[in-house]
Amino acid sequence: DNEIGKTGAVEFRGNKVWFINQDDSSLLNRIGLADKIIKNGGIKALFPVGDKTFVYVGYIDDGCGSARIYDVNSFEVALQMPCIADHKSVDLNNIGGGWLKGSNDEILLTTGTPTSKSALTEINLTAQDKRSWWGKILKLKLQGDKFEVSTYSTGYRNPQGMISLDGFVYAVDHAARGGDEINIIREGRNYGWPLQSLGSGYNLEEINKDFTIPLGGQSPLFSFVPSIGISSVGDCFELYANYYSP
């Protein structure tokens, strides 16, 4: 379909696929960001919490790269992410957008470090800053029309899909050059970026590959070298599961 561009959100609904473009003008105009979707910004996720639906959008405004969560019915801001003032280095491809439903009023949401520059930049290091919401999996709890935020786990570059399966939470994380990851997510753990990665920087800079030094970080369940452009993770189709189970 010529109308389909970059994915903002997609769901299977019965025998149909529901899709929204990352730069969907009808929604972005309503929230006043249509002229601020540059550097790969736009709609990154659409998710339900309680009886409401929310949209996670990356944008650049007045030299500040950031993201917001909006209530798609009232178009009010439910969460404002911190400003990245170094907007020349911002790449909003890397702001995450994976989510996993918790209780009725809670959700886990992934955020990345929004840059494609070398590993040890100020933006990437926000993943290790306990005061920052970037490079984290956040636990969002809806309180009225706003989200209360706590950090669930730390140290990600661009985590996207998540799934809860057989008592474990799994998530994927885009690395830079090599080192895309599948992780078992445990609350309170540190997953290393940008101080630890089995990949390297885009400029081939070396990154520490020992997950015991300096963080004692959580090593990935799988890491793909070279990268495979990993974006989502799901349960195995029954046909495949039966075939490979031996």
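Scroll up a little and you will see the structure.
Residues numbered from 1 in each chain as written. Predicted model: local features only at pLDDT ≥ 70, side-chain atom pairs only at ≥ 80, totals over all residues. Heavy atoms only, no water.

**Brief notes about the overall build of the protein**
Link 1 in the chain: Across its full length, the protein holds 3 helices and 14 strands.
Link 2 in the chain: Radius of gyration (C-alpha) of the protein: 18 Å, near the 18 Å computed for a compact globule of 246 residues.
Link 3 in the chain: Projected onto the principal axes, the alpha-carbon positions of the protein cover approximately 50 × 45 × 40 Å.
Link 4 in the chain: Within the protein, the proportion of its 246 residues that are buried is 48%.
Link 5 in the chain: Taking the intrachain contacts of the protein between residues at least 6 apart in sequence as the baseline, contacts between residues at least 24 apart amount to 52%.
Link 6 in the chain: On the protein, roughly 12600 Å² of surface is accessible, and the fraction owed to carbon and sulfur atoms is 51%.
Link 7 in the chain: Distance between charge centres in the protein, computed from 23 positive and 29 negative side chains, equals 3 Å. (Helix = DSSP H or I, 4+ residues; strand = E, 2+ residues; numbered from the N terminus. Rg over C-alpha atoms; globule rule 2.2 N^0.38 Å. Buried < 20%, exposed > 50% of the residue type's maximum accessible area, 1.4 Å probe, protein only. Contact = heavy atoms within 4.5 Å. Areas by Shrake-Rupley, 256 points an atom, 1.4 Å probe, with all protein chains shown as cover. Lys, Arg positive; Asp, Glu negative; His and termini not counted. Charge placed at Lys NZ, Arg CZ, Asp CG, Glu CD.)

**Focus on the sheet that holds strand E10 (residues 146–154)**
Whenever strands of a sheet pair, they do so through backbone hydrogen bonds, lying parallel or antiparallel.
Link 1 in the chain: Ordered in space as E7-E8-E9-E10, the 4 strands form an open sheet in which the pairing is antiparallel. Edge positions in the sheet fall to strand E7 (99–101) and E10, since each has one partner strand and no second. Taken over all neighbouring pairs, the strand axes of this sheet differ in orientation by 25° on average, direction set aside.
Link 2 in the chain: For strand E8 (residues 106–110) and strand E9 (residues 136–143), the ladder comprises 5 bridges, and the chain directions are antiparallel. (Pairing = 2+ DSSP bridges. Axes fitted to C-alpha atoms, helices over the stretch in contact; angles between N-to-C directions.)

**Digging into the pairing of strand E1 (residues 7–13)**
Link 1 in the chain: Note: E1 against strand E2 (residues 16–21), 6 bridges, orientation antiparallel. Along E2, the bridge assignment pairs Thr7 with Asn21.
Link 2 in the chain: The turn linking E1 back onto E2 is made up of 2 residues, and Gly14 within it adopts a positive phi angle of 65°.

**Here's the deal with the state of the cysteines**
Structurally, a disulfide amounts to a covalent bond that connects the sulfur atoms of two cysteines.
Link 1 in the chain: Considering all chains together, one arrives at 1 disulfide under this definition.
Link 2 in the chain: Here Cys64 is linked by a disulfide to Cys83, with a sulfur-sulfur distance of 2.3 Å. Pair noted here: Cys64 is in strand E5 (residues 64–71) and Cys83 is in the loop between strand E6 (77–80) and E7, with a separation of 19 residues, a long-range link. (Disulfide = S-S within 2.5 Å.)

**Brief notes about the packing of aromatic side chains**
Link 1 in the chain: In this structure the tally under the stated criterion is 7 aromatic pairs.
Link 2 in the chain: Pairing Tyr243 with Tyr244 gives two aromatic rings, centres 4.9 Å apart and planes at 85°, and the pair type is edge-to-face.
Link 3 in the chain: Classification of Tyr243 by relative accessible area gives exposed; the value is 61%.
Link 4 in the chain: For Tyr244, a relative accessible area of 63% gives the class exposed. (Phe/Tyr/Trp six-rings, centres within 6.5 Å; stacked < 30°, edge-to-face > 60°.)

**Quick notes on the sheet that holds strand E3 (residues 42–49)**
Link 1 in the chain: With antiparallel pairing, 4 strands are arranged side by side in an open sheet as E3-E4-E5-E6. Each edge of the open sheet carries a strand with a single partner, namely E3 and E6. Going across the sheet, the axis of each strand differs from the next one's by a mean of 25°, ignoring polarity.
Link 2 in the chain: Pairing analysis gives 3 bridges linking E5 to E6, with the strands arranged antiparallel. Across the sheet, the residue bridging to Ile69 is Leu79, located in E6.

**Let's talk about the pairing of strand E4 (residues 52–61)**
Link 1 in the chain: Across the 10 residues of E4, 7 count as buried, placing the element largely inside the fold.
Link 2 in the chain: As defined by bridge partners, E3 adjoins E4 across 7 bridges and the pair is classed as antiparallel. Counted as the bridge partner of Gly42 is Gly58 from E4.
Link 3 in the chain: Connecting the antiparallel pair E3 and E4 is a turn made up of 2 residues, with Gly50 showing a positive phi of about 60°.
Link 4 in the chain: Both E4 and E5 contribute to a ladder of 8 bridges, which runs antiparallel.

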